[in-house]
Amino acid sequence: MTGFGLGCLVVLCHPGCINAPDFADVPKIEFVSMSKDTLRQGVFQQDSLVVTFHFEDGDGDIGREEDAPGNNVFFIDKRTGQLDNSFGIPFIPPQGSSNGVEGDVHILLYSTCCLFPNGQDPCTPSGQFPTDQLEYEIYIIDRAGNESNRITTPVITLLCD
């Protein structure tokens with residue numbers, strides 16, 4: 001785990017409130033898009049991209065309790081297999097006759113460090129290894145503790161110069 005890198009969270013939701021949606025109580029997520037596929041490595045927010053994924057949840061308990069701390073969106077760096085960062089989806093109030101909700105989550109990811117196979121210090125320029133490749137595995141957990149399926153971002157190329 002590099003300890004560097006991810007940014008803030010923006011959630012745009014459109015609760016299912018007119019017709020009761022037929023979603024499972026366990027949240028489901030689906031990759032939508034990534035704003036670009038190349039980042040310059042760095043630790044001071046030199047570069048960023050936006051990852052968007054869609055979610056559905058039948059009992060509507062996505063998002064942390066009102067005014068409660070805690071994160072429920074998790075990013076695993078697949079290079080290391082370790083949690084790289086996490087974010088909190090804000091509270092989504094129940095709507096209409098059903099608590100089922102769906103929406104899109106947009107997360108601003110700041111650049112992270114290149115990891116080198118020769119043991120060179122991360123986030124240092126490398127002529128020998130000009131790029132590194134990174135993928136994130138993403139999942140969410142609802143307030144009942146149900147973990148969603150896991151999705152993987154497309155490959156992100158880190159420029160190590």
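Right above here is the structure, for reference.
Since we're looking at a predicted model, the values are computed, not measured. (Residues numbered from 1 in each chain as written. Predicted model: local features only at pLDDT ≥ 70, side-chain atom pairs only at ≥ 80, totals over all residues. Heavy atoms only, no water.)

1. Details of the packing of aromatic side chains
Item 1. Taken as a whole and judged by the stated rule, the model has 4 aromatic pairs.
Item 2. On the basis of an interplanar angle of 25 degrees and a centroid distance of 5.1 Å, the ring pair of Phe 74 and Tyr 139 is categorised as stacked. One end of the pair, Phe 74, is in strand 5 (residues 73-77); the other, Tyr 139, is in strand 9 (residues 136-140), with 65 residues separating them in the sequence. Grouping residues by exposure puts Phe 74 and Tyr 139 together as buried.
Item 3. Counting every residue linked through ring pairs, the aromatic cluster contains Phe 75, Phe 87 and Tyr 136. (Phe/Tyr/Trp six-rings, centres within 6.5 Å; stacked < 30°, edge-to-face > 60°. Helix = DSSP H or I, 4+ residues; strand = E, 2+ residues; numbered from the N terminus. Buried < 20%, exposed > 50% of the residue type's maximum accessible area, 1.4 Å probe, protein only.)

2. Some words on the environment of Asp 61
Item 1. Mapped onto the fold, Asp 61 is located in the loop between strand 4 (48-57) and strand 5.
Item 2. Taking the relative accessible area as the measure of exposure, Asp 61 reaches 10% and is therefore buried.

3. What about the pattern of salt bridges?
Item 1. For the structure on display, the rule yields 6 salt bridges.
Item 2. The partner of Arg 150 in a salt bridge is Glu 137, with the nearest N and O atoms 2.8 Å apart. Of the two residues, Arg 150 sits in the loop between strand 9 and strand 10 (151-152) while Glu 137 sits in strand 9, which places them 13 residues apart along the sequence.
Item 3. The salt bridge involving Glu 147 is made with Arg 150; its shortest N-O contact spans 2.9 Å.
Item 4. With a relative accessible area of 39%, Arg 150 lands in the partly exposed category. (Salt bridge = Lys/Arg side-chain N within 4 Å of Asp/Glu carboxyl O.)

4. Overview of the sheet that holds strand 3 (residues 38-40)
Item 1. What the 3 strands build is an open sheet, ordered 3-11-8; its pairing is mixed. Sheet topology places strand 3 and strand 8 (131-134) at the edges, where each strand pairs with a single neighbour. Each neighbouring strand pair of the sheet contributes to a mean axis angle of 30 degrees, computed without reference to strand direction.
Item 2. Pairing geometry for strand 8 and strand 11 (residues 156-159), over 4 bridges, is antiparallel. Within strand 11, the residue paired with Thr 131 across the bridge is Leu 159. (Pairing = 2+ DSSP bridges. Axes fitted to C-alpha atoms, helices over the stretch in contact; angles between N-to-C directions.)

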